[in-house]
Amino acid sequence: MKAIVQDHYGNATSIRFDDIDRPPVPDDKVLVQVVAAGVDRGALHFMTGQPYLMRLGTGLRTPRVRVPGVSYAGRIEAVGANVTGFAVGDEVYGAARGTYAEYVLASPDKMAHKPTQLTSDQAAVLPYAAFAGLQAVADHAKVQPGERVLVIGGTGAVGSVVVQAAKAAGAEVTAVTGPHNQDAATDLGADHTIDYTQADFTDGTHTYDVIIDVFGRTPTRKLRRALTPSGRLIIAGGEGDRWIGGIQRQLGAVLLNPFIGQSLRMFLAKENTATLEHMNGLIAAGKVQPPHTHTYPLVDAANAVHDLEAAATPGRLVLTV
Ligand SMILES: NC(=O)c1ccc[n+]([C@@H]2O[C@H](COP(=O)([O-])OP(=O)(O)OC[C@H]3O[C@@H](n4cnc5c(N)ncnc54)[C@H](OP(=O)(O)O)[C@@H]3O)[C@@H](O)[C@H]2O)c1
């Protein structure tokens, strides 16, 4: 089968279009014929092996899975003997390793049936954003109706899900974005927007019951100034240096947490069917909009990865297979 392959960690220059064997189907997996695969920061972390800390799980010197890509939408081609709930021909989407290929092995507990309202391109970019975005709002912040919620990075892949899910939960949402994305934040349903180039959202002028930090770089002491005395900070984003990727800021917040009235939390998103089914419900209810996508053919994966790194293309990036 055709696939994007990498023999060593790296960015767009480390991958090539190649032929590899189609994998046999274990009893507990399904084989999905990939129609579209998301190009996102999650896939990029696995591709580059950065922060280096993650190589403890993904392979120390070279990537254990040689095909990049962590999310897909496609059609089930074959079903393992022990799998229930899915059948050959079902249209599904979810998380798996090695989605930049014609076929990928997927776990039934990390996939769901694709909502009919979405194209495959739109569905392919959702798992990554749904796992982090919905879990931040529903499982970690537990956003309540009427609460004031600040979303830092409110129009990015994850942030756009956070804004819409917080609105769906009945919150008054303020989205922090750059100057070009103010209207996009309003279109997602944000009640207020802040341009991070024009205003310091941590100056304490406004305080929030919940801050969901998707951007992932603002110091915790500043974020605390924008929280109510009993407010909750949920750190979703964690960009930083090549070694530990900003985890020190998140761990610092967790260590401080027991000693203050505010609640400071970080989390690693879980890949699971329950979150995708939650997303399916929000899509069906019209509470999450289908994302705007920009597609590239599989053979152009390097260009897509380059554009993601350069933030050169608006919308969510997708490889069509
Ligand atoms: N916890 C987890 O398990 C988990 C899971 C998935 C992702 N993540 C992390 O979530 C983060 C975001 O990922 P993503 O894919 O959503 O990224 P993305 O699509 O690139 O979005 C980044 C967002 O940050 C905003 N931003 C840029 N500079 C900013 C600044 N100075 N102040 C405030 N906001 C700023 C951007 O706004 P403009 O575009 O308008 O500039 C954009 O909305 C990454 O760190 C990723 O690793 C964590």
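What counts and what doesn't
Residues numbered from 1 in each chain as written. Predicted model: local features only at pLDDT ≥ 70, side-chain atom pairs only at ≥ 80, totals over all residues. Heavy atoms only, no water. Helix = DSSP H or I, 4+ residues; strand = E, 2+ residues; numbered from the N terminus. Rg over C-alpha atoms; globule rule 2.2 N^0.38 Å. Buried < 20%, exposed > 50% of the residue type's maximum accessible area, 1.4 Å probe, protein only. Contact = heavy atoms within 4.5 Å. Areas by Shrake-Rupley, 256 points an atom, 1.4 Å probe, with all protein chains shown as cover. Salt bridge = Lys/Arg side-chain N within 4 Å of Asp/Glu carboxyl O. Axes fitted to C-alpha atoms, helices over the stretch in contact; angles between N-to-C directions. Parallel < 35°, antiparallel > 145°, perpendicular 65-115°, else oblique. Nonpolar A, V, L, I, M, F, W, Y, C, P; charged D, E, K, R; others polar. Core = buried A, V, L, I, M, F, W, Y, C linked by side-chain atoms within 4.5 Å. Domains from an automatic or database assignment. Buried area = accessible area lost by both parts, 1.4 Å probe.

Caption draft 1: Local environment of the overall build of the chain. The helix and strand inventory of the chain stands at nine helices and 15 strands. Taken over the C-alpha trace, the chain has a radius of gyration of 19 Å; the compact-globule value for 321 residues is 20 Å, and the two agree within 12%. Principal axes of the C-alpha set define a box for the chain whose edges measure 60 × 40 × 35 Å. Counting all 321 residues of the chain, 50% fall into the buried class. Here the analysis covers contacts within the chain between residues at least 6 apart in sequence; of these, 66% occur between residues at least 24 apart. Looking at the chain as shown, the accessible area adds up to about 14,300 Å², and 52% of this sits on carbon and sulfur atoms.

Caption draft 2: How the structure looks around the pattern of salt bridges. Under the definition given, this model contains eleven salt bridges. In this structure, D7 engages R66 in a salt bridge whose closest nitrogen and oxygen atoms are separated by 3.1 Å. Of the two residues, D7 is situated in the loop between strand 1 (2-6) and strand 2 (15-19) and R66 in the loop between helix 2 (55-58) and strand 4 (71-79); the sequence distance between them amounts to 59 residues. The class for D7 is partly exposed, based on a relative accessible area of 36%. One salt bridge in this structure joins R97 and E271, with 3.1 Å as the shortest N-O distance. Placement of R97 in the loop between strand 5 (91-95) and strand 6 (103-106) and of E271 in the loop between strand 13 (263-266) and helix 8 (273-284) is noted, with a sequence separation of 174 residues between them. Each of D7, R16, D18 and R66 takes part in salt bridges that share partners, so that together they form one network.

Caption draft 3: A look at the packing of helix 1 (residues 41-48) against helix 9 (residues 301-310). Close contact between helix 1 and helix 9 brings their axes to 11 Å; oriented N to C, the two are set at 110°. The angle between helix 1 and helix 9 falls in the class roughly perpendicular. Across the interface between the two elements, R41, L44 and M47 from helix 1 touch V305, L308 and E309 from helix 9. Split by residue class, the contact of helix 1 with helix 9 holds four nonpolar, no polar and two charged.

Caption draft 4: Structural context of the nonpolar core. Ranked by internal contacts, the top residues of the largest apolar core, which has 44 residues, are Y93, I212 and M279. Among the elements of the structure, strand 5, helix 3 (120-141), strand 8 (148-152), helix 4 (157-168), strand 9 (172-177), helix 5 (182-188), strand 11 (208-213) and helix 8 are those that each provide at least two residues to this core. The leading source of residues in this core is helix 3, at twelve residues. Two domains each put at least three residues into this core: domain 1 (2-119 + 290-320) and domain 2 (129-266). Dropping the residues within four chain positions of it, I212 is found in contact with A136, V137, A141, L150, V151, I152, V162 and I234.

Caption draft 5: Focus on the domain arrangement of the chain. For the chain, the domain assignment lists domain 1 (2-119 + 290-320) and domain 2 (129-266). Inter-centroid distance (C-alpha atoms) of domain 1 to domain 2 is 28 Å. Each partner contributes to the interface: domain 1 provides eight residues, whereas domain 2 provides eleven residues. Looking only at domain 1, the three residues that lose the most surface to domain 2 are P51, Y52 and R316, adding up to 57% of its buried area. Its residues placed into classes, the side of domain 1 that touches domain 2 shows four nonpolar, two polar and two charged.

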